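Fold and contact review
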Amino acid sequence: MEKNMRLKAKKSLGQNYLVADAVAGRIVEAISPKVGELIFEIGPGRGALTSHLSASGADVVAFEIDKMLAEELKQVFRDNENVEIVKEDILKVDFGAEAGKRGKKNYKIIGNIPYMLTSTIILRIPWEAGSTVAVIMVQKEVADRIVTPVGETNCGLLTVFLQSYLNVERVLKVAAGSFRPRPGVDSAVLRLAPVRIKGAPADKKLYFAFLKKAFSMRRKKLRNVLFRRDAAAKREGVKRLETLSGVDLSKRAENLKLDDWFNLFSSYVEMG
Ligand code: SAM
């Protein structure tokens, strides 16, 4: 595919192209593409993943922000009836609406995405009601953090939030040498599938804001992060929240289990 495409990689768009075709094949395998199902690809670049997706017989809609690349890709895939290239900024794309336009409710998401968009895109996934699975390439360290079991030292805001709604799994490590230009870091591919966990907050926005606050000073005890009022009011607040939630607030954010987070959040909201 790439030999037809001589465009210079743009750093500002995070254009590090996957050149290891076997790796591209394994990434696509991780999404188990099936004939006729709808797959949205984010940032197809030079089509490394797109060509494997196309070969699977799935209906592929690939959103590429770079006009020149999108034009080239349209040429490359002009005879592939199951591939649609859309020149668009992924941040403006509503997957649910795009699926609806094509008469579908469910879809899969795949992307070797620019690292500056990682958090924005990954954080959208719990809201994607129609997504049955997402396979996303991220920086290796980010992947490690996201898959860390909740309650272990490396866990953070992304870990807790994502694992409250998704089953997260690292399916592949990808060395920097698999890309051109070669990035400064290694990568990993995550598979994120929706999961219903009893007690997971329905108000994701408020839950996220709460977790953000709780993780804002991760080395401090939660009692000092969640309550910053004068001593008497703080003592009272801590006592009430501990009684309501059953969570020991002398712990740090990284030490809480998922159930603790659900209880703590609902009690915190209840206290107003
Ligand atoms: N998927 C290709 C691959 O594996 O070789 C390209 C990967 S490259 C890391 C990221 C791609 O995302 C580039 O083609 C870039 O132009 C595109 N891109 C960057 N920002 C984007 C955005 N906001 N919306 C859609 N595509 C974007």
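In what follows, the structure referred to is the one given above.
What this report covers is the structure whose coordinates are included nearby.

So, how was this worked out
Residues numbered from 1 in each chain as written. Predicted model: local features only at pLDDT ≥ 70, side-chain atom pairs only at ≥ 80, totals over all residues. Heavy atoms only, no water. Salt bridge = Lys/Arg side-chain N within 4 Å of Asp/Glu carboxyl O. Helix = DSSP H or I, 4+ residues; strand = E, 2+ residues; numbered from the N terminus. Patch = residues over 30% accessible without salt bridge, like charges linked within 9 Å, V, L, I, M, F, W, Y side chains within 5 Å. Areas by Shrake-Rupley, 256 points an atom, 1.4 Å probe, with all protein chains shown as cover. Lys, Arg positive; Asp, Glu negative; His and termini not counted. Charge placed at Lys NZ, Arg CZ, Asp CG, Glu CD. Buried < 20%, exposed > 50% of the residue type's maximum accessible area, 1.4 Å probe, protein only. Phe/Tyr/Trp six-rings, centres within 6.5 Å; stacked < 30°, edge-to-face > 60°. Lys NZ or Arg CZ within 6 Å of the ring centre and 35° of its normal. Near = heavy atom within 4 Å. Polar contact = N/O pair within 3.5 Å; in protein donor to acceptor, adjacent residues only side chain to side chain. Pairing = 2+ DSSP bridges. Right-handed = clockwise from strand over helix to strand, strands pointing away.

Description of the pattern of salt bridges
The full count for this structure, using the stated rule, is eleven salt bridges. Of the charged contacts in the structure, one is a salt bridge between Asp144 and Lys140, with a shortest N-O distance of 2.9 Å. Here Lys140 and Asp144 lie together in helix H6 (residues 140-147), a separation of four residues that amounts to about one turn.

Re a positive patch on the surface
Taken together, Lys213, Lys220, Arg228 and Arg229 make up a surface patch of like positive charges. Take Lys213: it is sitting in helix H8 (residues 204-214). We classify Lys213 as partly exposed; its relative accessible area is 32%.

Here we look at the packing of aromatic side chains
As enumerated under the stated definition, the model contains 16 aromatic pairs in all. Summarising the aromatic geometry, the rings of Trp127 and Phe161 are spaced 5.6 Å apart at their centres and angled 35 degrees between planes, so their arrangement reads as tilted. Of the two residues, Trp127 is situated in the loop between helix H5 (118-124) and strand S6 (131-139) and Phe161 in helix H7 (residues 157-165); the sequence distance between them amounts to 34 residues. Grouped by ring-pair contacts, the aromatic residues Trp127, Phe161, Tyr165, Tyr207, Phe208, Phe210, Phe215, Trp261, Phe262, Phe265 and Tyr268 constitute a single cluster. The lysine or arginine in question, Lys204, covers the ring of Tyr165, its NZ or CZ lying 5.2 Å from the ring centre.

Re the site of the ligand
Among the 21 residues in the neighbourhood of the ligand, the closest are listed as Gln15, Leu18, Gly43, Glu64 and Asn112. The backbone of Pro44 places a nitrogen or oxygen atom 3.5 Å from a nitrogen atom of the ligand. In the complex, the protein chains occlude 97% of the 600 Å² of accessible area that the ligand would expose alone. Looking at the shell around the ligand, the elements that each hand over two or more residues are strand S1 (17-18) and strand S3 (59-64).

Topic: the pairing of strand S5 (residues 107-112)
Across the six residues that make up S5, a large majority, six, are buried. Residues Tyr107, Ile109 and Gly111 line one face of S5 and the alternating positions Lys108, Ile110 and Asn112 line the opposite face, and both faces are buried. As defined by bridge partners, strand S2 (residues 38-42) adjoins S5 across four bridges and the pair is classed as parallel. Directly across from Phe40, in S5, lies its bridge partner Ile109. For S5 and S6, the ladder comprises six bridges, and the chain directions are parallel. Across the sheet, Gly111 pairs through a bridge with Ile136, a residue of S6. A crossover links S5 with its parallel partner S6, the connecting element being H5, and its sense is right-handed.

This is a description of form; function is not addressed.
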